[in-house]
Amino acid sequence: MLDELKSAAKVVGIKQLRRALTNGNIKKVFLADDADPRLTEPLAEQCETLYVDWEMVASMQELGKACGIDVGAAAAGVLR
C-alpha cells in the first residue's frame, strides 16, 4: 500500500496536504494512526467530503520512511 508513495509525486504534511486537497490535486491520502487525531480526523473528513480515497498507516515513522524523509509524517498524499 505504501509503495505508491515511494514512486509517485506526493505532498507530505498536514498543511500542504490540506491545501492540495482543497485544490483538487490529490488522488489518495495516507494518515498515520499514531498521529494526533485532532490533526488527522479533519483530513479524513475532508477526504470523505471530496470523495478522495484514504487509508490509515500504522505509524508516523513508517509513513515518513515511505515518503523518503528521515522524520515521521502525520499525513501524506499522492498527487494526480
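On a predicted model such as this, the values are computed, not experimentally measured, just so you know.

Peer 1: Which residues make up the overall build of the protein, and what values do they have?
Peer 2: Per the secondary structure count, the protein includes four helices and four strands. Overall, the protein shows an N-to-C arrangement of helices and strands of α-β-α-β-α-β-α-β. By the compact-globule yardstick of 12 Å for 80 residues, the protein fits well, its C-alpha radius of gyration being 11 Å. Dimensions of the protein, computed from C-alpha atoms along their principal axes, come out at roughly 30 × 25 × 20 Å. A total of 80 residues make up the protein; the buried ones form 42% of that total. Considering only intrachain contacts with a sequence separation of at least 6, the fraction spanning at least 24 residues in the protein is 76%. For the protein, the centre of its 10 positive side-chain charges and the centre of its 12 negative side-chain charges are spaced 8 Å apart.

Peer 1: Provide a residue-level description of the nonpolar core, including the pertinent values.
Peer 2: Of all hydrophobic cores here, the largest spans 26 residues; its most connected members are L5, L17, L21, I26, V29 and L63. Sorting the residues of this core by element identifies α2 (14-22), β2 (26-32), α3 (37-50), α4 (60-66) and β4 (75-79) as the ones contributing at least two each. If one sorts the elements of this core by residue count, β2 sits on top with five residues. Residues within four places of I26 in sequence aside, it is in contact with V11, L17, A20, L21, V52, G77, V78, L79 and R80.

Peer 1: Give a description of the pattern of salt bridges that names residues and reports values.
Peer 2: Inspection of the entire model under this criterion finds three salt bridges. Across the pair K28 and E55 runs a salt bridge, and its minimum N-O distance is 2.7 Å. Of this pair, K28 sits in strand β2 while E55 sits in strand β3 (residues 53-57), and the two are 27 residues apart along the sequence. Residue K28 shares its accessibility class with E55, and that shared class is buried. A network of salt bridges, in which partner residues are shared, links E4, K28 and E55.

What counts and how
- Residues numbered from 1 in each chain as written.
- Predicted model: local features only at pLDDT ≥ 70, side-chain atom pairs only at ≥ 80, totals over all residues.
- Heavy atoms only, no water.
- Helix = DSSP H or I, 4+ residues; strand = E, 2+ residues; numbered from the N terminus.
- Rg over C-alpha atoms; globule rule 2.2 N^0.38 Å.
- Buried < 20%, exposed > 50% of the residue type's maximum accessible area, 1.4 Å probe, protein only.
- Contact = heavy atoms within 4.5 Å.
- Lys, Arg positive; Asp, Glu negative; His and termini not counted.
- Charge placed at Lys NZ, Arg CZ, Asp CG, Glu CD.
- Core = buried A, V, L, I, M, F, W, Y, C linked by side-chain atoms within 4.5 Å.
- Salt bridge = Lys/Arg side-chain N within 4 Å of Asp/Glu carboxyl O.

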